[in-house]
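Observations on chain architecture
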Amino acid sequence: MYELILLFFQIATFQKGPQDVPASPFVLRLLLPAYVAINYLILFLNSAHSTAVLQIGVDFGLIVLFSWPLLYTSGKIARFPQTLAAMLGTDVVISFFALPAIATLNTHANDLAYFAMLALVLWHWLVSGHIIRHALDRSLFFGLGLALLYIMLSSQIMAALFPEITGSPQ
């Protein structure tokens, strides 16, 4: 398990790519509980208890529904398990580092916590672009563009489905 954590940290720090993830359903079975747990904890800190499991399921579905068609249309569908595992694993790593900032924002927000969240969002974008770039064998600029598209679409869909977490009117 330590090797997997280290691998996803190395992907999140741009030392490795999704091609370094073992193409095994076992890796995904190990990642899913960690992905659910860390995201549940984040939603718990944000007081979104009632719909937490549904939100996590939708978020997972969005990752799948974004990455699978990209790989399919590029003729690289065999890379799907590795790409999905890289997306989930790096999300777990970045979300883990986001926990203190989220807790601070929910208790006594300050400039440092806002800056930390901005840095974490940028890091997530860069890492997603890095993964997409390697998965599709395209340029980093192309990967960052698709990652930005994914983040924007995902945010809009989550805000539309769960307006209580964004504070927007129903």
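Right above here is the structure, for reference.
Residues numbered from 1 in each chain as written. Predicted model: local features only at pLDDT ≥ 70, side-chain atom pairs only at ≥ 80, totals over all residues. Heavy atoms only, no water.

Applying the stated criterion to the full structure yields one cavity of 30 Å³ or more. There is about 40 Å³ of room inside the largest cavity. Together, Ser-67, Leu-70, Leu-71, Thr-83, Ile-132, Ala-135 and Leu-136 line the largest cavity. When its residues are assigned to classes, the lining of the largest cavity shows five nonpolar, two polar and no charged. (1 Å grid on protein atoms, 1.4 Å probe; cavity = no way out; pocket = protein on both sides within 12 Å on 5 of 7 lines; lining within 4 Å. Points joined across faces, edges and corners; volume = space filled by probe spheres on them. Nonpolar A, V, L, I, M, F, W, Y, C, P; charged D, E, K, R; others polar.)

What follows covers the nonpolar core. Among the nonpolar cores identified, the biggest contains 48 residues, and Phe-8 and Val-21 are the most heavily contacted of them. Among the secondary structure elements, those contributing two or more residues to this core are helix H1 (2–12), helix H2 (25–45), helix H3 (52–73), helix H4 (80–108), helix H5 (111–136) and helix H6 (140–161). At 13 residues, the largest contribution of residues to this core is made by H4. When near neighbours in sequence (up to four residues on either side) are disregarded, Phe-8 contacts Val-21, Val-27, Leu-31, Ala-85, Ala-86, Gly-89, Thr-90 and Val-93. (Core = buried A, V, L, I, M, F, W, Y, C linked by side-chain atoms within 4.5 Å. Buried < 20%, exposed > 50% of the residue type's maximum accessible area, 1.4 Å probe, protein only. Helix = DSSP H or I, 4+ residues; strand = E, 2+ residues; numbered from the N terminus. Contact = heavy atoms within 4.5 Å.)

All right, on to the layout of surface pockets then. In this approach, a probe sized like a water molecule rolls over the atoms, and the result shows the empty space that is left. One number sums up the size of the largest pocket: a volume of about 1,100 Å³. Lining of the largest pocket is provided by 32 residues; of these, Asn-39, Ile-42, Asp-59, Asp-91 and Ser-155 occupy positions nearest its centre. At the level of elements, H2, H3, H4, H5, H6 and helix H7 (163–166) are the ones that each hand at least two residues to the lining of the largest pocket. When residues of the lining of the largest pocket are assigned to their parent elements, the largest contribution, nine residues, is made by H4. The class makeup of the residues in the lining of the largest pocket is 17 nonpolar, 12 polar and three charged. Its volume calculated, the second largest pocket comes out at about 210 Å³.

Here we take up H4. Between its first and last C-alpha, H4 extends 41 Å over 29 residues, near the 42 Å set by a 1.5 Å rise per residue. Along its length, H4 reaches its greatest deviation from straightness, about 40°, at Ala-98, and the proline Pro-100 lies no more than four positions downstream. (Expected span 1.5 Å × (residues − 1). Bend = angle between axes of the 7 residues up to and from the residue.)

Right, let's talk about the packing of aromatic side chains for a bit. Counted under the stated rule, the structure contains six aromatic pairs. Here the aromatic rings of Phe-97 and Trp-123 are separated by 5.9 Å at their centres, their planes lie at 50°, and the arrangement is tilted. Here the residue Phe-97 occupies a position in helix H4, and Trp-123 occupies one in helix H5, the gap between them amounting to 26 residues. Connected via pairs of aromatic rings, a cluster forms that spans Phe-9, Phe-96, Phe-97 and Trp-123. Over the ring of Phe-142 we find Arg-138, and its NZ or CZ is 3.9 Å from the ring centre. (Phe/Tyr/Trp six-rings, centres within 6.5 Å; stacked < 30°, edge-to-face > 60°. Lys NZ or Arg CZ within 6 Å of the ring centre and 35° of its normal.)

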